[in-house]
Amino acid sequence: LVYSTPHSPYIVISNQMKLLSALFLLKATGASAFSITSFAPAGINQCTTIKTTSTSSTCLFAKKKAGKKKTASKSGGGFGASSTTTATKKSSKKSGKSKGNLLSTLNDESSTSKQSKKSKGGTTYVKSEQDALLAQLAASASQSPIGAAVASSPLHGTPEADPFWELIPSLIQSKFPNLRNEQLGRVAGFAKHTLDENLPLEDSIVNDKWRPHEDMHAYMPGLGETKAFHDPSQLELCKKLSENIDTIEQEYEALLEDMEGNGKKDRFQSVTSMNYDAGWKTLVLFYNGHRIKDFPYHLCPVTTKIMESVPLAGRIAGFNRQQSQSGIPLHSDGNNMWLTTQMGIKVPEGEKAYIRVGPETRRWKKGECLLYDTTYEHETFNESEDEERVVLHVDFFNTIAMTKVEIDIMRYIYKIREDFMRAEGVAKVGAQIL
């Protein structure tokens, strides 16, 4: 498979690699557009263009016509010819050896670097060199704490091994090439627990009757002590939300008005059937940490800006409605890397809506945030006879306990995991994507 990208005209990936893995390896480099050309023993048999942004990319070769073999020189200079997105003419001079193109792209080197400043010339594909580069990358990544964690998996190296996780060490090393091993320890611990469900959890979880450890599905060891409710005043997010309560409420009303009338889309939904059954629906602004296509963000600019000031996590973020005389049943969410905050937008008179997290019960107040850890069992109820309860709900990575590097890596893993699952044909990717 030969790939053309804006950073490096030709990246050749061994045909022994699965196509899906190869695509993710390329995507991880940040390439805005690329072409794929596949080869059969008889020669070029197919060319497909994949467009990932508004920047398009042209095929290196067209499909082979019957009875007439298309030569490299007739299609723009052979393997070393540039696509129209990276160069338009063949140079009569060498642009340098092909060795290093793959690693340069994987390391996200600037397109203005000495290697890629001028990509007009051609380079010859030497399979042994590219295979050596791939092997070099894999060998280097395997020495990292994350590589060692993946290698320790009971299924590593077997046909049953998860292809996504087998690729992760190389992807992370490519995306974050300058990290020190000591920065990766807890992420490596997360990988170990993800790949081996028989590893024991820390005593602080197992011995806490309020934290159902059997529900833990995404676990990073070493995050230290936690508690059911945290002080919201320690987070700038909560301060900004409370300071802008009036504006946020107005933007919520604007979103409601936008759904009124024939043909208008009802944007309230639920990720789980439990929420439907419990009278809880959400006007989702962010799903799995990213924006939703065609959502009217222009109607809620302040809310959006504040929410995007934190590293949004998976699941949902948006406005939650709880019907009167209904509540979410007792459960826990099983991810110790996330925290949740909820601010009261519309609260029944007499503060009749509450949430219990672990041994503590708190009641919502308009304009005030509750900050809590959902690895504790929790449940809600709206005691009002006729008023609904509305809160702004935000799931985000635990900025209190995790470092920025750890959060950046975990957001990257979650993003490509979601892409990976979609590519495998999973139509709806829910909260527990790991």
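Everything quoted here is computed from the prediction, not taken from an experiment.

So what's going on with the environment of I248? Which residues, and what values?
Looking at the element boundaries, I248 is found in helix α9 (residues 245-258). We classify I248 as buried; its relative accessible area is 0%. The sequence separation of I248 and C300 amounts to 52 residues, and the corresponding C-alpha distance is 7.4 Å. Setting aside its immediate chain neighbours within four residues, I248 contacts L241, T303, I306, F319, M343, I345 and L392.

Give me the state of the cysteines: which residues, what numbers.
Here the structure, examined in full by the defined rule, presents 0 disulfides. Looking at the unpaired C369, the closest cysteine sulfur is the one in C238, lying at 4.2 Å.

I'd like a description of the pattern of salt bridges, backed by residues and values.
Considering all chains together, one arrives at 14 salt bridges under this definition. Linking K404 and D408 is a salt bridge whose minimum nitrogen-to-oxygen distance equals 2.8 Å. Here D408 and K404 lie together in helix α12 (residues 404-423), a separation of 4 residues that amounts to about one turn. The exposed category is assigned to K404, whose relative accessible area is 63%.

A description of the sheet that holds strand β12 (residues 360-363) should follow, citing residues and the corresponding values.
Two pairing modes exist for strands in a sheet, parallel and antiparallel, and in both the strands are linked by backbone hydrogen bonds. Read across the sheet, 3 strands follow the order β12-β11-β14 without closing on themselves; strand pairing throughout is antiparallel. Edge strands, defined here as strands with exactly one partner in the open sheet, are β12 and β14 (378-382). Recorded for the sheet is a direction-independent mean angle of 20° between the axes of neighbouring strands.

Which residues make up the packing of helix α6 (residues 185-195) against α12, and what values go with them?
What describes two packed helices is the angle between their axes and the distance between those same axes. Two elements in contact, α6 and α12, have axes whose closest approach is 9 Å; the angle formed by their N-to-C orientations is 35°. Crossing geometry of α6 relative to α12 is assigned as right-handed. Contacts between α6 and α12 involve R186, V187 and F190 on the former and, on the latter, E406, I409, M410 and I413. Of the residues that constitute the contact of α6 with α12, the class distribution is 5 nonpolar, no polar and 2 charged.

Before we move on, can you summarise the side chain of Q342 with the specific residues and values?
The residue Q342 is located in strand β10 (residues 338-346) in this model. Engagement of the side chain of Q342 in a polar contact is seen with the side chain of W364, the distance being 3.4 Å. Within the structure, the side chain of Q342 is placed 2.7 Å from the side chain of H393, a separation counted as a polar contact. When sequence neighbours within four positions are dropped, the list of residues in contact with Q342 reads W280, N320, W364, E368, C369, L370, Y372, V391, L392 and H393.

Would you mind going over the nonpolar core in detail, with residue names and values included?
In this structure, L283, F319 and I345 are the most contacted members of the largest nonpolar core, which totals 32 residues. Residue assignment for this core shows that the elements contributing at least two residues are α8 (236-243), α9, β7 (280-287), α11 (301-307), β9 (316-322), β10, β13 (369-372) and β15 (389-397). Examining the composition of this core, we find that 5 residues originate from one element, α9, more than from any other. Ranked by size, the runner-up nonpolar core spans 31 residues in total, among them L167, L195, W338 and F420.

The rules behind each value
Residues numbered from 1 in each chain as written. Predicted model: local features only at pLDDT ≥ 70, side-chain atom pairs only at ≥ 80, totals over all residues. Heavy atoms only, no water. Helix = DSSP H or I, 4+ residues; strand = E, 2+ residues; numbered from the N terminus. Buried < 20%, exposed > 50% of the residue type's maximum accessible area, 1.4 Å probe, protein only. Contact = heavy atoms within 4.5 Å. Disulfide = S-S within 2.5 Å. Salt bridge = Lys/Arg side-chain N within 4 Å of Asp/Glu carboxyl O. Pairing = 2+ DSSP bridges. Axes fitted to C-alpha atoms, helices over the stretch in contact; angles between N-to-C directions. Left-handed = near helix turned anticlockwise from the far one by under 90°. Nonpolar A, V, L, I, M, F, W, Y, C, P; charged D, E, K, R; others polar. Polar contact = N/O pair within 3.5 Å; in protein donor to acceptor, adjacent residues only side chain to side chain. Core = buried A, V, L, I, M, F, W, Y, C linked by side-chain atoms within 4.5 Å.

Geometry only, nothing functional implied.
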